[in-house]
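This is what each chain is made of:
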Amino acid sequence: MRKNKVSRFAVLILGIVILSLNACKDSKKEFEITAKIPGMYNGLIVELINDEDGSGTLMAIDTVENESFVLRGSVHEPVVAKLVITNRALIPEDASYEKQLETTTSLWVDNVKMQYKAAHLDSIPRSYVYLSSPLYQEANVTVDGGKGEEMFTAFRNQLRPYEIDYSEKSFRYYSWEENSDVSKENLYNDLHNAHQALLAAYKSFIKQNGSSVSLFIMNNFLDAEYSFSQEDLAIWRKVAGAVEGDSIRVSEIKKKLDKMAPYTTGTPFQDIDVLTGKGEKLRLSNFMEEEKFLFVDVWASWCMPCRAAIPSVKRLYSNYNSKVEFVSLSIDKDEKQWRKALEKENMEWPQLLRDTATMDQLEKAYHLMSVPTFILVDKSGTIRHVGHDPESLNIVFSKFIK
């Protein structure tokens, strides 16, 4: 009788051990990405690289054999990664560009089995194409496996036309020459409109598809101060609150949303202390006039982009000084260099210098991260624009100042 009790006890313990082992086995989830693509030759290196951690961490690697590769690993939570195919192990380090091969595909990696598909190696978009965009070939690659990748593919398919349009208009704008038949201003207008359409498409996708993919999209442009409304932020908070199984990304997005809350469209003007050229301490609001907008050019004498923007500001001053009060606020620490720059640049409007506390006030009030920064405040004291691109100012002024 005692023997039977011992045997039953042993069987019970063995069963618990087996169940525990199976549980451990089930809990160890992994991703597996497989491919068999015509044209891939032996020796090509295939890498999966984290595209969200800021340091490009290698997640998995394999070498092509018989037109095939397998990438295995695991992720704690979903991540966007780059799948890179390269021939660098097969060519000399100083090989010419023509002999180098590198393709890049973005994909959504979760702990599921996935299949990477393309008709041929030559159809996969290259990492860099001279005078062209890899976006044109992006749809040549498909990745099957996982709801996250399915949503990511839908996002890429929906946004790709807008990104191609923006890419084409960027190329036309930045390759403009003086003898062109089209004015640079017209090209910038086209570029601006393409960018606005792209942002609208991003917003639309986020609103319609609450998911980790939507959080990824938010993360890419939430640093654009004064580009979004409080309504936008409210929608995005709702989206973030509904996403499950992605706690790290949700936490990061919620922090960013809180950080950007003071810097939305329609935010009231924030006053700060400034110094005149005579050392007199005033408030920036002293330069606001009834029935006039206020334009503040935050710059520095040592900042080459700031100096390059001054001719654009001068043209705006010439066209709008009856409707806009212009002020330049320098963040220079060296007052002598500031005065030397003023003599050379000959700006007709009031020139101000930060005092000891102004930088902290500026950073807090306007999320100042770099110079030049251009601030436009309307007659009611509402911020209408904060940006860094002098080329955009013509559009901004024509939109708000009638």
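Residues numbered from 1 in each chain as written. Predicted model: local features only at pLDDT ≥ 70, side-chain atom pairs only at ≥ 80, totals over all residues. Heavy atoms only, no water.

Asks: It is not clear to me how the packing of aromatic side chains should be interpreted in this structure. Could you clarify?
Replies: Aromatic ring pairs are reported here in terms of the distance separating the ring centres and the angle at which the planes meet. What the rule picks out here adds up to 23 aromatic pairs. Each ring, one from Phe-295 and one from Phe-374, has its centre 6.1 Å from the other, and the planes form 10 degrees; the classification is stacked. A residue pair is termed long-range when its members are at least 10 positions apart, and Phe-295 in strand S11 (residues 293-299) and Phe-374 in strand S14 (residues 373-377) qualify at 79 residues. The pair Phe-295 / Phe-374 is uniform in exposure class, with both members buried. Taking 6.2 Å as the distance between ring centres and 35 degrees as the angle between the ring planes, the aromatic pair formed by Phe-326 and Phe-397 counts as tilted. Of this pair, Phe-326 sits in strand S12 (residues 324-330) while Phe-397 sits in helix H10 (residues 393-400), and the two are 71 residues apart along the sequence. The exposure class assigned to Phe-326 is buried, which follows from its relative accessible area of 1%. A relative accessible area of 0% places Phe-397 in the buried class. Members of the aromatic cluster, each reached through a chain of ring pairs, are Trp-108, Phe-152, Phe-155, Tyr-202, Phe-205, Phe-216, Phe-221, Phe-228 and Trp-236. Taking NZ or CZ as reference, Arg-156 lies 5.3 Å from the ring centre of Phe-155, over its face. (Phe/Tyr/Trp six-rings, centres within 6.5 Å; stacked < 30°, edge-to-face > 60°. Helix = DSSP H or I, 4+ residues; strand = E, 2+ residues; numbered from the N terminus. Buried < 20%, exposed > 50% of the residue type's maximum accessible area, 1.4 Å probe, protein only. Lys NZ or Arg CZ within 6 Å of the ring centre and 35° of its normal.)

Asks: Got a minute to help me understand the state of the cysteines in this structure?
Replies: Linking two cysteines covalently via their sulfur atoms produces the bond known as a disulfide. Counted according to the given criterion, the structure contains one disulfide. Between the sulfur atoms of Cys-303 and its disulfide partner Cys-306 the distance amounts to 2.4 Å. The S-S bond linking Cys-303 to Cys-306 shows a torsion near 80 degrees; that makes this disulfide right-handed. The same class applies to Cys-303 as to Cys-306, namely buried. (Disulfide = S-S within 2.5 Å.)

Asks: Honestly, the sheet that holds strand S4 (residues 68-73) in this entry has me stumped. Any pointers?
Replies: Two strands in a sheet stick together by hydrogen bonds in their backbones, pointing the same way (parallel) or opposite ways (antiparallel). Across the sheet, which stays open at both edges, the four strands sit in the order S4-S1-S7-S8 with mixed pairing between neighbours. Across the chains shown, the open sheet's two edge strands, defined by having one partner strand only, are S4 and strand S8 (142-144). On average, adjacent strands in this sheet sit at an angle of 20 degrees to one another, irrespective of strand direction. Alignment of strand S7 (residues 113-117) against S8, held across three bridges, turns out to be antiparallel. (Pairing = 2+ DSSP bridges. Axes fitted to C-alpha atoms, helices over the stretch in contact; angles between N-to-C directions.)

Asks: Would you explain the environment of Ile-383 in this entry?
Replies: Assignment of secondary structure puts Ile-383 in strand S15 (residues 383-387). Once the C-alpha coordinates of Ile-383 and Leu-275 are considered, the two residues, 108 residues apart in sequence, prove to be 22 Å apart. Leaving out residues up to four positions away in the same chain, Ile-383 has contacts with Tyr-226, Gly-266, Thr-267, Pro-268, Phe-269, Tyr-366, Leu-376 and Val-377. (Contact = heavy atoms within 4.5 Å.)

Asks: Where do I start with the environment of Ile-37 in this structure?
Replies: If you trace the backbone, Ile-37 turns up in the loop between strand S1 (31-36) and strand S2 (45-50). A relative accessible area of 0% places Ile-37 in the buried class. The spatial distance from the C-alpha of Ile-37 to the C-alpha of Val-64 is 10.0 Å, given a sequence separation of 27 residues. Ile-37 has contacts with Glu-67, Tyr-116, Ala-118, His-120, Leu-121 and Ile-124, leaving out every residue within four places of it along the chain.

Asks: So what exactly am I meant to see when it comes to the environment of Thr-267 here?
Replies: Along the chain, Thr-267 falls in the loop between helix H6 (247-260) and strand S9 (273-275). Measuring from C-alpha to C-alpha, the distance between Thr-267 and Val-129 comes to 42 Å, with 138 residues separating the pair along the chain. When residues no more than four places from it in sequence are discounted, the contact partners of Thr-267 are Tyr-226, Pro-262, Thr-382 and Ile-383. Polar side-chain contacts of Thr-267 include one of 3.4 Å to the backbone oxygen of Pro-262. A polar contact is formed between the side chain of Thr-267 and the backbone oxygen of Thr-264, at a distance of 2.5 Å. (Polar contact = N/O pair within 3.5 Å; in protein donor to acceptor, adjacent residues only side chain to side chain.)

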